[in-house]
Amino acid sequence: MARYALRRLASIALILLLVSAIVFAAIHVLPGNAATLILGEYATPEALRTLEREMGLDRPLLVQYASWVASVVTGDWGVSLAMKQPVATVVGYRLRNSAFLALAALTVVVVVGVPLGTLAALRRGRPLDLAIVTATYVGISIPEFVTGLVLLLVLAGPSVGWFPTSGYVELASGVTAWARHLVLPAMTLTIVLLAHVVRQTRSGLADVLTAPYIRTARLKGASARRIVLRHALRNALLPTITVLALDLGYLMGGIVVVEEVFAYPGMGRLIIYAVQNRDVPLLQMCALVVASVYVLANFAADLAYAWLDPRIRYS
Amino acid sequence: MTPRISRRAFLGVTGLITGAAAIPGLTPARVLAQSEKPGGLLRVSVTFGLSTINPIMHISGAEWMATKWMYNNLTRLNAKREPVPDLAESWSAGDGARVWTFKLRQGVRFHHGRELAAEDVVATFTTLLDPKTASPYRGEVGPVDRVEALDKSTVRFTMKSPFSVFPAIAAVPNARVVAREGLADMKALASREFGTGPFKLKEFVPGDRVVVDRFADYFRKGEPYLDGVTLRVFPDPATELTAFKSKEIDLISGLTPDLFSQVATLAGAEGLAVAGGTFAAVTLPSDKPPFNDNRVREALKLCVDRKLMLAAIHNGQGELGVDHPVSSAYDAYVPLAPRSADLEKARQLMKDAGLANGVTVKLFAANSPPIRERIAVVLKEMARPVGFNIDVEVLAYDRYLAQVWNKGAMYVVYYATRPTADAILMKLYHPKEGLDEGRWAAAHPNAIRLLEQAREILDPDRRRRHYADFLKTSRDEGPFMLPFFANELNGKWAYVRNYRLSPSSSDMVLDDVWLTGDAPKKKT
């Protein structure tokens, strides 16, 4: 097990290096650099050259990449070209905000999604099942900016006004205010993500419920409640963990639209900003952080598999 | 009130639904029944751009707004766009507008406690003009050669050539006066401030918000009235409007015409409009066919029904243009006969130019701001009947900057209101002081000389007459099709008092703005 974990960690390091190289290459395929965007339509050739020299953009690409890798390995994330602030500060703040939002959304998805999926599996083919499956499908089919805007107009408009429209406040300025700002974006994401978990739970559970060991349990007289909670769900939920791990990666870096609608300062908007401003050091670190979340969440899901299912052994 | 002001005020009223009190020059704000009340927090929204608060380097309107609250310039511009004292209490010209001497106000304090001295002004301009700083607007500050402190409160600027509009130029966002200890670390200046302004920095989250607090030691005694200001970025206009309706936002800057009409219909809200100098125009590269022939340039200009274009693109919120960049918002404005569409004459000109069978041209438009793309598309349709086959390519702003802009192609330029006519004219036409974006200067040296001569003229009336010749040439032969100037549009709740929308909307002065008792108490 320990050797397996070490091997996985080594391959994760390799994946991250590859991701950084690909992102670095991709941003340089795009025309222009940070200097052209800082100077905008007032750039003179002289000013462009000065800024490029100052930011080290006039060096060969391989040298730029190597020096970036060298400083990241020593723990120096560099300085954002457009904001002139330490990348670690900027990314740290956005990462924390994204983590709060992701955890809020994932918690609701699990708390609502698993029972709904279970209910649908137990009532398979009946109207309740149909209602649950249809409703979650509608949720995933409507684009997230529509869902977000509808929630915003209804619940944050002047007539109801239960929640603030947008933005983020620090935890230090009060838990209530902080939580109120999370409600609408988290609700939007829940509606979008619910279908994954409900469908996965439903089909997993439906499969398991026809397995021989469930019939055995039923024959030995176990209550329906005990069968579902103790015997069936534990096995049925394994694939759901993988779905949640993938969702976590998406929530940490891919929710640009929801972050824009609710003016939420998270990782998604930061990545777009970095691309638009050709802010290479900032983009590189964003990509690394998001990729890390993806691979580590999957790694954690695999470890959880082994823990939940004694038949699975990694070696 | 002079006739000029009435006309300007009239332009401001066009399209204005309510809130006449906010129009510059129309109602003296201090005559209002209620008197200024201290306290309260003003929340302002913008839709993009908040990367840095370094005044020497910032380029976006949102950033200019924020530094206006934390810093002062030597001068500021009044509603008539004339320079009035800010940190300087007086100034004088010498040696035919080659030498400018500014006398500084006494007893002005920086937020970190020290008193303002002439050395701070010298350090600011020296940094701004240093090529190593690579400030984007270095060229706009003019031909400054030397900056010296004559004593503790006197600064002398020596120009390489006469520069009569320097006092107005001293009001540009990039010439905010920074304490010299702040200039020592330009990186830190991106997120800290060393200013003398009415508000001091409390919090800055790049791309998201700026929060400032009242500065108790501000040199305009008793001001500011507000306890603080929050500036927030709303990437989505629908969210911005909802936040405004729910009174999470008190003042929306930079409204689109669509949002403007929605704001103006809300009970208790006011839409503010003022004639500005912001425009989008099409470059007609005059160094190569087909636009090296003025008949072809003229034919394209004659295709455009400007009134219809303004109505279609900016809801009629603006002032019609005649193919030069000086709107009525500028001191140098000269009314010229308006242009109307004349397709017959345009066809004849095309025939004379040997293009009776039409011509195909490629027009590039960046996707931001949206007005660029709209102008390109409407022009394509309007010019088709005359034989212009315009192939419009819309591209992302970053690609546009790197591949199209200032490369001699036909594209849509976009400029916000500049402090003086000199600034925008030099930028667009002059090959050395600016970029000659229409590639026109080489064939029109006499016109370019007019621009240079205007810098020697100190008397505003004489300067205006002098510019008139250039503007006529630009209209009749110039390398730009400039259909209209877009009004500056803001929205605010009525409880925000004394706010005057500037023709350059990022020039947001909040020193004497105050909130009435019915402003919402709860602040989120």
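Procedures and definitions
Residues numbered from 1 in each chain as written. Chains lettered and ligands numbered in written order. Predicted model: local features only at pLDDT ≥ 70, side-chain atom pairs only at ≥ 80, totals over all residues. Heavy atoms only, no water. Helix = DSSP H or I, 4+ residues; strand = E, 2+ residues; numbered from the N terminus. Buried < 20%, exposed > 50% of the residue type's maximum accessible area, 1.4 Å probe, protein only. Contact = heavy atoms within 4.5 Å. Areas by Shrake-Rupley, 256 points an atom, 1.4 Å probe, with all protein chains shown as cover. Lys, Arg positive; Asp, Glu negative; His and termini not counted. Charge placed at Lys NZ, Arg CZ, Asp CG, Glu CD. Core = buried A, V, L, I, M, F, W, Y, C linked by side-chain atoms within 4.5 Å. Salt bridge = Lys/Arg side-chain N within 4 Å of Asp/Glu carboxyl O. Patch = residues over 30% accessible without salt bridge, like charges linked within 9 Å, V, L, I, M, F, W, Y side chains within 5 Å. Buried area = accessible area lost by both parts, 1.4 Å probe. Polar contact = N/O pair within 3.5 Å; in protein donor to acceptor, adjacent residues only side chain to side chain. Nonpolar A, V, L, I, M, F, W, Y, C, P; charged D, E, K, R; others polar. Pairing = 2+ DSSP bridges. Domains from an automatic or database assignment.

**With respect to the overall build of chain A**
Here's step 1: Of the regular secondary structure elements, chain A holds 14 helices and zero strands.
Here's step 2: Scored against the burial criterion, the 315 residues of chain A give a buried share of 50%.
Here's step 3: If you take every contact in chain A between residues at least 6 apart in sequence, the share linking residues at least 24 apart comes to 73%.
Here's step 4: For chain A, the accessible surface area stands at approximately 14,800 Å², while carbon and sulfur atoms represent 70% of it.
Here's step 5: Distance from the positive charge centre (26 side chains) to the negative charge centre (16 side chains) of chain A: 20 Å.

**Quick notes on the nonpolar core**
Here's step 1: Residues Trp69, Phe125, Phe157 and Phe166 of chain B are the most contacted members of the largest nonpolar core, which totals 143 residues.
Here's step 2: When near neighbours in sequence (up to four residues on either side) are disregarded, Phe166 of chain B contacts Trp100, Phe102, Phe125, Val141, Val144, Phe157 and Met159 of chain B.

**Considering the pattern of salt bridges**
All names here are of chain B.
Here's step 1: A full pass over the atoms with the stated rule returns 43 salt bridges over all chains.
Here's step 2: Arg209 is paired through a salt bridge with Asp208; the nearest N and O atoms lie 2.4 Å apart. Considered together, Arg209 and Asp208 belong to a single accessibility category, that of buried residues.
Here's step 3: Across the pair Asp293 and Arg295 runs a salt bridge, and its minimum N-O distance is 3.0 Å.

**A few points about unusual backbone geometry**
Here's step 1: Of the consecutive residues Pro289 of chain B and Pro290 of chain B, the connecting peptide bond is found in the cis state with omega at 0°.
Here's step 2: With respect to the helices and strands, the residue Pro290 of chain B is situated in the loop between strand 12 (269–283) and helix 8 (294–303).
Here's step 3: Residues Ser368 of chain B and Pro369 of chain B are joined by a peptide bond in cis, for which omega reads -10°.
Here's step 4: In the Ramachandran plot, Lys84 of chain A falls in the positive-phi region, its phi being about 60° despite a non-glycine side chain.
Here's step 5: Note on placement: Lys84 of chain A falls in the loop between helix 4 (61–73) and helix 5 (87–122).
Here's step 6: With phi around 55°, Arg278 of chain A is a residue other than glycine that occupies positive phi space.
Here's step 7: Tracing the backbone through its elements, the reader meets Arg278 of chain A in the loop between helix 13 (267–276) and helix 14 (280–308).

**Points about a nonpolar patch on the surface**
Residues and elements named next belong to chain A.
Here's step 1: Together, Val138, Ile142, Phe145, Val146, Val150, Leu153, Val154 and Val257 make up a nonpolar patch on the protein surface, roughly 620 Å² of accessible area in all.
Here's step 2: The element that contributes the greatest number of residues to the nonpolar patch is helix 7 (residues 144–155), accounting for five residues.
Here's step 3: As for its placement among the helices and strands, Leu153 is situated in helix 7.

**Quick look at the interface of chain B and chain A**
Here's step 1: Counting from both sides, the interface comprises 46 residues of chain B and, opposite them, 44 residues of chain A.
Here's step 2: Where chain B abuts chain A, roughly 3,700 Å² becomes buried across the two surfaces, and 58% of that area is made up of carbon and sulfur atoms.
Here's step 3: Remark: the boundary between chain B and chain A carries three salt bridges.
Here's step 4: In this structure, the salt-bridge partner of Glu46 of chain A is Arg138 of chain B, at a minimum N-O distance of 3.8 Å.
Here's step 5: Inspection of the region where chain B meets chain A yields 13 residue pairs in polar contact (both at pLDDT 80 or more).
Here's step 6: Of all the secondary structure elements, the ones that give two or more residues to the side of chain B that touches chain A are strand 8 (199–205), strand 10 (228–233), helix 6 (237–245), helix 12 (397–403) and strand 16 (412–415) of chain B.
Here's step 7: If one sorts the elements of the side of chain B that touches chain A by residue count, helix 12 of chain B sits on top with seven residues.
Here's step 8: Per-class residue counts for the side of chain B that touches chain A are 23 nonpolar, eight polar and 15 charged.

**Quick look at the pairing of strand 9 (residues 209–214) of chain B**
Residue and element names in this part refer to chain B.
Here's step 1: Bridge count between strand 8 and strand 9: six bridges; the pairing is antiparallel. Considered in strand 9, the bridge of Val205 is made with Arg209.
Here's step 2: Joining the antiparallel neighbours strand 8 and strand 9 is a turn of three residues, in which Gly207 adopts a positive phi near 80°.
Here's step 3: Pairing analysis gives five bridges linking strand 9 to strand 10, with the strands arranged antiparallel. The partner of Val212 across the bridge, within strand 10, is Val229.

**Here's the deal with the domain arrangement of chain A**
All names here are of chain A.
Here's step 1: We note that the domain assignment places domain 1 (2–73) and domain 2 (87–308) within chain A.
Here's step 2: Of note, the centres of domain 1 and domain 2, computed from C-alpha atoms alone, are 32 Å apart.
Here's step 3: On the side of domain 2, 19 residues touch domain 1, which itself brings 22 residues to the contact.
Here's step 4: Here domain 1 and domain 2 share an interface that buries about 1,700 Å² over both sides, 77% of which is from carbon and sulfur atoms.
Here's step 5: If you sort the residues of domain 1 by the area they bury against domain 2, Leu16, Ile27 and Trp68 come out on top, with a joint share of 29%.
Here's step 6: Scanning the region where domain 1 abuts domain 2 turns up one salt bridge.
Here's step 7: Remark: the boundary between domain 1 and domain 2 carries four residue pairs in polar contact (both at pLDDT 80 or more).
Here's step 8: The leading source of residues in the side of domain 1 that touches domain 2 is helix 1 (residues 2–29), at 13 residues.
Here's step 9: Looking at side-chain class alone, the side of domain 1 that touches domain 2 contains 17 nonpolar, four polar and one charged residues.

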